[in-house]
Amino acid sequence: MNVLLTGGAGYIGSHVLRALTGAGHTCTVYDSLVKGHAQAVHDADLVVADVADAAALANALREYRIDTVVHFAAFIEAGESVQQPEKYFRNNTAAALTLLETMRGCGVGRLVFSSTAAVYGTPDRVPIEETDRLAPINPYGSSKLCVEYMLRAYAEAYGMGFVSLRYFNVAGAHPNADIGEDHHPETHLVPLVLAAAMGKRTGVKIFGDDYDGPDGTCIRDYIHVCDLADAHVLAAHGVRPGEVRVFNLGNGEGFSVREVIETCREVTGRDIPAEIAPRRAGDPPRLVASSRKAMDELGWRPRFPKLRTIITDAWNWHREHPEGYGS
Ligand code: UFG
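Residues numbered from 1 in each chain as written. Predicted model: local features only at pLDDT ≥ 70, side-chain atom pairs only at ≥ 80, totals over all residues. Heavy atoms only, no water.

**Brief notes about helix H10 (residues 307–320)**
At 3.6 residues per turn, the α-helix brings residues three or four places apart onto the same side. Test applied: Secondary structure counts use DSSP, requiring at least four H or I residues in a row for a helix and at least two E residues in a row for a strand, with both numbered from the N terminus. Multiplying 1.5 Å by the residue count of a helix minus one yields the expected span of that helix. Note on classification: 1.4 Å probe, protein chains only; a residue is buried when its accessible area is under 20% of the maximum for its type, exposed when over 50%, partly exposed between these limits. Throughout, a contact is declared for two residues whenever any of their heavy atoms are within 4.5 Å.
Between its first and last C-alpha, H10 extends 20 Å over 14 residues, near the 20 Å set by a 1.5 Å rise per residue. The set of residues buried in H10 consists of Leu307, Ile310, Ile311, Asp313, Ala314, Trp315, Asn316, Trp317 and His318. Among the structural elements, strand S7 (169–171), helix H6 (189–197), strand S10 (222–224), strand S12 (255–256) and helix H8 (257–268) are those in contact with the buried residues of H10.

**Focus on the pattern of salt bridges**
Cut-off, in case you're wondering: Each salt bridge in this description consists of a side-chain nitrogen of Lys or Arg and a carboxyl oxygen of Asp or Glu lying within 4 Å of one another.
Counted according to the given criterion, the structure contains 17 salt bridges. As a salt-bridge pair, Asp132 and Arg125 come within 2.7 Å of each other at their nearest N and O atoms. Residue classification places Asp132 among the buried positions, given a relative accessible area of 17%. Residues Arg265 and Glu262 are paired through a salt bridge, measuring 3.0 Å at the closest nitrogen-oxygen approach. Residue Arg265 and its partner Glu262 are both found in helix H8; the two are separated by three residues, about one turn of the helix.

**Some points on the site of the ligand**
For clarity, the cut-off: Any residue with a non-hydrogen atom lying within 4 Å of a molecule or strand is treated as near it. A 3.5 Å cut-off defines polar contacts: any pair of N or O atoms within that distance qualifies, except that in protein one atom must be a possible hydrogen donor and the other a possible acceptor, and neighbouring residues in sequence count only when both atoms are side-chain atoms. In short, Shrake-Rupley with a 1.4 Å probe defines the accessible areas, and a residue's cover is counted only from the protein chains shown. Residues are sorted three ways: Asp, Glu, Lys and Arg are charged, Ala, Val, Leu, Ile, Met, Phe, Trp, Tyr, Cys and Pro are nonpolar, and all the rest, Gly among them, are polar.
In the vicinity of the ligand there are 19 residues, among which Leu189, Lys205, Arg220, Arg280 and Asp283 approach most closely. Ile76 places a polar main-chain atom, nitrogen or oxygen, 3.3 Å from an oxygen atom of the ligand. When the ligand is considered free in solution it has 680 Å² of accessible area, and contact with the protein chains removes 91% of it. Mapped by element, the contributors of at least two residues to the shell around the ligand are H6 and strand S8 (204–207). The leading source of residues in the shell around the ligand is S8, at three residues. A per-class count over the shell around the ligand returns 12 nonpolar, three polar and four charged.

Function-wise, these values are silent; they only describe arrangement.
Structure representation (C-alpha cells):
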C-alpha cells in the first residue's frame, strides 16, 4: 500500500510508521510539526502541512499516489478541550471533514482513524465492548465521536471504507529506544512518573484516592505503543469498501494509578515521591477494554501485554533521551 500518515511525526504515528514500513508498505508522513517531531520520522518522506490545508493535502495524495490514509493528527488533551472546545472541534472534527472531502476528490477511499476510549465517557460496565453506550464527557471525546459519525455517513453515501481504532491508555516506547513519547506539555501518567524518577520533577500527584476500587485511585488499561502499531497494520489490511469497522485496543486488564507508580519504582529502582491531589475533572473512575473483537476479526495479538514491559520500554527511551527529541 501507499500510505499517508497524518500526524505521523507524533508519538503514536511514528511507531505506526515504523510498523507499516517494516511490513513493506510505502509511507509518507504529513504533519504540521506543531506537536510532532521531524526526528521521529527518520528518513521517511515528510510533508510539513496542516490537514486543514486542502490544497497541500490534495497535492500529497496525488504526488505520492496514496491509496490508504491513517489519520492521527489531532489534539489529545481532554482537560484542555473543556477550556477551549473550539480548538478541538476545529482541529479534530472540521479538519477531518476536509480530509474526507479531499480524499473523495482525489479518489482515495480507505482510511484508518485514531479514535479513543473517551467516546465511551464513564462506562456502565467494564470491560467495555464496541457496542456499549457512546457518551463522551469532554469535547475531546465528542470531537472524535463526531468523526466516527462522519465516517459512517461517508461509507454509506460514497462507499469509502474505514477502520476506527478506539485506543485505551497508550504507553511505552519502541524497544530500540530511538522513538518514544515527547509531549509538550506532558499530561500522561507514565511519562510524568518517569520524569519524577529521573529527578526532572520533584514528584507525582495522584489525582484522587477516593474512587471506588481496591486502592481508591483510577483504573486504566495500558497498551504498549508497538502493540497498538501492529493493530494499525492489520487494520489497514482490514478496510472494506462501504463499511466502518470499529475496534477497541487495550489489554483487558486494569491497573490503578498507585500500581503504575509502584511498577515505575520497581523498574527504575528510584524513589518516586507521590502525593494525593484532588480528582481531575472529567476522569472516569475505571476504563478497561475488551479487545476480543480485534483479536477475533483482525487476528491482533499483543506482544508486550505486561505493564512492567511497557514501563521498562518507556524508561529506556526517557533515560536515553532525557530531553526527548530536543525539538
Ligand atoms: N493521573 C494522575 N496524576 C498525573 C497524571 C494522571 O493521577 O499527574 C491519573 C489520571 O487521573 C488518570 C490516570 O492517571 O486516572 C491516567 O491519566 P492519563 O492522563 O495518563 O490518561 P487518561 O486516562 O486521562 O487519558 C487517556 C488518553 C487521552 C484521552 C483520555 C480519554 O491518554 O488522550 O484517555 O479518557 F483523552
